[in-house]
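Chain by chain, the residues run as shown.
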Amino acid sequence: MNTQVKIPQGDEKVTIQLTRKEMMALAGIRFHGNHNIEVSARKKLNEALVETYESDSAQGNSRQILN
């Protein structure tokens, strides 16, 4: 079964500022003893998703963020 998800403006670029360590953590590098780096990076990504969702909702687009 092929299911295709359409995301309006899905190719639009989003800019998020990450530290080099945060970028590395998102790429899969583990910082043993400092899990906060990955948590911080994921928090920034989630905030950007929420901002994008809220911006689209304000414009009348209804969209659901998938986990």
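Within each chain, residues carry numbers counting from 1 in the order of the written sequence. Reporting of local features is limited, given that this is a predicted model, to residues whose pLDDT is at least 70; pairs of side-chain atoms are given and counted only at 80 or more, and all residues count toward the totals for whole chains, interfaces and linings. Side-chain numbers come from the whole structure's heavy atoms, not from hydrogens or water.

Digging into the overall build of the protein
Thinking step 1. Counting its secondary structure elements, the protein contains two helices and zero strands.
Thinking step 2. Only protein chains enter the calculation, and the probe is 1.4 Å; a residue is then buried if its accessible area is under 20% of its type maximum, exposed if over 50%, and partly exposed in between. Taken over 67 residues, the protein has a buried fraction of 10%.
Thinking step 3. Any two residues whose heavy atoms approach within 4.5 Å at even a single point are treated as in contact. For the protein, restricting intrachain contacts to residue pairs at least 6 apart in sequence, the fraction spanning at least 24 positions comes to 39%.
Thinking step 4. Note on areas: Shrake-Rupley, 1.4 Å probe, and residue coverage restricted to the protein chains presented here. Surface summary for the protein: the accessible area is close to 6200 Å², and the carbon and sulfur share equals 50%. Helix numbering and strand numbering both begin at the N terminus, where a helix is a DSSP run of H or I of at least 4 residues and a strand a DSSP run of E of at least 2.

Some points on the environment of R20
Thinking step 1. Within the secondary structure, R20 is located in helix α1 (residues 20–26).
Thinking step 2. Sequence separation of R20 and I37 is 17 residues, and the distance between their C-alpha atoms is 10.0 Å.

Regarding the side chain of E38
Thinking step 1. Looking at the element boundaries, E38 is found in helix α2 (residues 36–58).
Thinking step 2. By relative accessible area, E38 is classed as buried at 16%.
Thinking step 3. Not counting the four nearest positions on each side in its chain, E38 is found in contact with A25 and R30.

What to know about a nonpolar patch on the surface
Thinking step 1. The patches reported here contain residues having more than 30% relative accessible area and no salt bridge. Joining distances are 9 Å for like charges and 5 Å for nonpolar side chains (Val, Leu, Ile, Met, Phe, Trp, Tyr). Salt bridge criterion: a side-chain nitrogen from Lys or Arg within 4 Å of a carboxyl oxygen from Asp or Glu. A cluster of nonpolar side chains, namely L18, M23, M24 and I29, defines an oily patch on the protein surface of about 330 Å² accessible area.
Thinking step 2. Structurally, the position occupied by M24 is in helix α1.
Thinking step 3. Its relative accessible area of 33% is what places M24 among the partly exposed residues.

Section: the pattern of salt bridges
Thinking step 1. This model, assessed by the stated rule, comprises three salt bridges.
Thinking step 2. Its salt-bridge partner being E22, residue K44 comes within 2.9 Å of it at the nearest N-O pair. In this pair, K44 sits in helix α2 while E22 sits in helix α1, placing the two residues 22 residues apart along the sequence.
Thinking step 3. A salt bridge links E38 to R30; the shortest N-O distance between them is 3.1 Å.

Focus: the environment of A27
Thinking step 1. Tracing the backbone through its elements, the reader meets A27 in the loop between α1 and α2.
Thinking step 2. As for A27 and E38, which are separated by 11 residues in sequence, their C-alpha atoms are 9.8 Å apart.

Some words on the side chain of E22
Thinking step 1. The exposure class of E22 is buried, given its relative accessible area of 6%.
Thinking step 2. In the analysis that follows, any N or O atom pair within 3.5 Å is treated as a polar contact, provided that within protein one partner can donate a hydrogen and the other can accept it, and provided that, for residues neighboring in sequence, both atoms belong to side chains. A polar side-chain atom of E22 sits 2.8 Å from the main-chain amide nitrogen of T19.
Thinking step 3. Among residues more than four places away in sequence, those in contact with E22 are Q17, I37, S40, A41 and K44.

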